[in-house]
Amino acid sequence: MIKDQHGRIHKYLRISLLDRCNLRCFYCMPEEGIPLLPKSHIMTNEEIVEIAKIFAEEGVSKIRLTGGEPLIRKGVENILEGLSKLDVQLTMTTNAVVLHKHWEHLKSAGINSLNISLDSLQAEKMNRIMRRDKFDVIWNNIHEAMDRGLHVKINVVAMKGVNDDEIIDFIQWTKKKPIHVRFIEFMPFKDNNWDWDVKGISYAEIIETIESHFSKESVERLTDRPNDTSKNYRIKGAPGTFAVISTVTHPFCDTCDRIRLTADGKIKNCLFSNIETDLLTPFRKGNDIRPIIHKSIWGKHAARAGMEDFESFANPNLNQENRSMIRIGG
Ligand code: SAM
Ligand code: SF4
C-alpha cells in the first residue's frame, strides 16, 4: 500500500500522457502554447505501461489518463491495450475533439466512463474559451458517447462573467439526460491570470443559484463516495446529477488518495505541489522505483501542498510556482 505520513492510502493514479493539446482553453494554456518537453524526456508507451504496472502492484486500483489531450498521443491505443491488462479501473479525461476516432480503442480497453470538458453550452462562447472552433465536434461526440452507453461526466470550470449565466442551463441538461455535470472552482496555476475576486464563483454561490431557481426542496444532496472530490446533488426525479469540486473554498484533502505522474515521469504528490520526484531517470537506469514512490507520497502535506488557508492559496508568490495544469494533467 502506498501511504502518506497522515495515514491516507493512495490508490488512484492520474497519468498525463503528454503536455501537448489541440485546444488553448484560456484558463489552462496561453494562446501561443507552452514550450514542449523534448521527446526523449517523455515516457514511451512501453514505459508508461511498465511504470503503471509497478503502481498497480503497490496497491493502485484506479488509473485516469489525462494530459494535455490524451487522445492526441501517438499510440494511445497501445497504451490503452497495455493498461487494460492490469487489475485496475481505467478511465480518462478528454476534451473529446478526436473522440470519434477512438470508440473501439476505449471499448476494448474496458473504459465505460469518461470525463469530458465543456465550459459552455453556447457554441460561439465555447469556441472563444478554447480558442478553437471545435464546439460542434465536441457536442456530437458527447452525445455519441452517451448513445454508446458510456457514463459521461462533464467538467465545467465555473468562472464569473464567463459562464455563470449558464449554471441553470447545465442543470436543465441533467433533467433531460443521464449526464453528470461537475462545476469546478477556478484554480490558480502559473500564468493563468487567476483572480478569485474577478473570476471566482464559489461552491456556496453555485448551490445558491441552483436552489433559488429550482427551489431548495427540489435540490437533493446525494451521498458522496469515499475519496470523492465532489459534493454531489440531483434535481429530484432527474436522470442526471451534478456536483461541485470545491478545491478553492472547501478543499477535500482529508480523504485525498491521488498520485499524479507527469508525462516526463515525475510524481507530483499533490496537484499544488511544486516539488516533483523523478521516476523516469531511475527507471531507465534499471533501478527499483518502489522506494522512491513510497518516499514521495509519504512526504505529502496534509492539505494543498501546505497552502492550507485561502490567503496562502491565493498568494501569487506561492501559487505561481506551480506548473500549469496542462503540464500536470488536472
Ligand atoms: N485536455 C483534457 C481536458 O480538457 O479534459 C485533459 C486535461 S485538462 C488539464 C483536465 C481538466 O482540468 C479539465 O477538465 C479542465 O477543465 C481542468 N482545468 C484546467 N485548468 C483549470 C483551472 N485553472 N481551474 C480548474 N480546472 C481546470
Ligand atoms: Fe487542452 Fe484540456 Fe487545457 Fe483545454 S483544459 S487547453 S483541452 S489540456
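For the structure itself, consult the block above.
All of the points below concern the structure found in this document.

Rules and cut-offs
Residues numbered from 1 in each chain as written. Chains lettered and ligands numbered in written order. Predicted model: local features only at pLDDT ≥ 70, side-chain atom pairs only at ≥ 80, totals over all residues. Heavy atoms only, no water. Buried < 20%, exposed > 50% of the residue type's maximum accessible area, 1.4 Å probe, protein only. Helix = DSSP H or I, 4+ residues; strand = E, 2+ residues; numbered from the N terminus. Arc of directions from axis to C-beta. Contact = heavy atoms within 4.5 Å. Near = heavy atom within 4 Å. Polar contact = N/O pair within 3.5 Å; in protein donor to acceptor, adjacent residues only side chain to side chain. Areas by Shrake-Rupley, 256 points an atom, 1.4 Å probe, with all protein chains shown as cover. Nonpolar A, V, L, I, M, F, W, Y, C, P; charged D, E, K, R; others polar. Phe/Tyr/Trp six-rings, centres within 6.5 Å; stacked < 30°, edge-to-face > 60°. Lys NZ or Arg CZ within 6 Å of the ring centre and 35° of its normal. Salt bridge = Lys/Arg side-chain N within 4 Å of Asp/Glu carboxyl O.

Here we take up helix 2 (residues 76–84). Those residues of helix 2 that fall on the buried side of the exposure criterion are Val76, Ile79, Leu80, Gly82 and Leu83. Looking down the long axis of helix 2, one finds its buried residues gathered within 165 degrees of arc, a one-sided arrangement. Those residues of helix 2 hidden inside the fold are in contact with helix 1 (45–57), strand 2 (62–66), strand 3 (89–94) and helix 3 (103–108).

A few words now on the site of ligand 1. The local shell around ligand 1 holds 19 residues, among which Gly68, Ser117, Asn155, Met187 and Asn192 are the closest. Measuring from a nitrogen atom of ligand 1, one finds a backbone N or O atom of glycine 68 at 3.0 Å. Asparagine 155 places a side-chain nitrogen or oxygen 3.0 Å from an oxygen atom of ligand 1. Here ligand 1 has 550 Å² of accessible area as a free molecule, and 95% of this is covered by the chains. In terms of residue class, the shell around ligand 1 is made up of eight nonpolar, nine polar and two charged.

This paragraph deals with the site of ligand 2. Taken together, seven residues are adjacent to ligand 2, and Cys21, Leu23, Cys25, Cys28 and Asn95 come closest. When its residues are assigned to classes, the shell around ligand 2 shows five nonpolar, two polar and no charged.

Turning our attention to the packing of aromatic side chains. Tallied over the entire structure, the rule returns seven aromatic pairs. On the numbers, 5.8 Å between centres and 75 degrees between planes, the contact of phenylalanine 26 with tyrosine 27 is edge-to-face. By relative accessible area, phenylalanine 26 is classed as partly exposed at 23%. Overall, the relative accessible area of 12% leaves tyrosine 27 in the buried class. With a centroid separation of 6.1 Å and an interplanar angle of 90 degrees, the aromatic rings of phenylalanine 170 and phenylalanine 183 are classed as edge-to-face. In this pair, phenylalanine 170 sits in helix 6 (residues 167–176) while phenylalanine 183 sits in strand 6 (residues 180–185), placing the two residues 13 residues apart along the sequence. Pair check on accessibility: phenylalanine 170 and phenylalanine 183 agree, each one buried. Ring pairing ties together the aromatic residues Phe135, Trp139, Phe170, Trp173 and Phe183, which thus form one cluster. Directly above the ring of tyrosine 233 sits arginine 221, whose terminal nitrogen or CZ lies 5.1 Å from the centroid. For lysine 231, the ring lying beneath its charged end belongs to tyrosine 203, and the centroid distance is 5.5 Å.

Turning next to the pattern of salt bridges. Counted according to the given criterion, the structure contains 15 salt bridges. Lysine 85 is paired through a salt bridge with glutamate 81; the nearest N and O atoms lie 3.6 Å apart. Residue glutamate 81 is classed as partly exposed on the basis of its relative accessible area, which comes to 46%. Of the charged contacts in the structure, one is a salt bridge between glutamate 166 and lysine 125, with a shortest N-O distance of 2.7 Å. Pair noted here: glutamate 166 is in the loop between strand 5 (151–158) and helix 6 and lysine 125 is in helix 4 (residues 123–130), with a separation of 41 residues, a long-range link. One exposure class covers both glutamate 166 and lysine 125, and it is buried. In the salt-bridge network here, residues are joined through shared partners; they are Lys53, Glu57, Glu58, Asp288 and Arg290.

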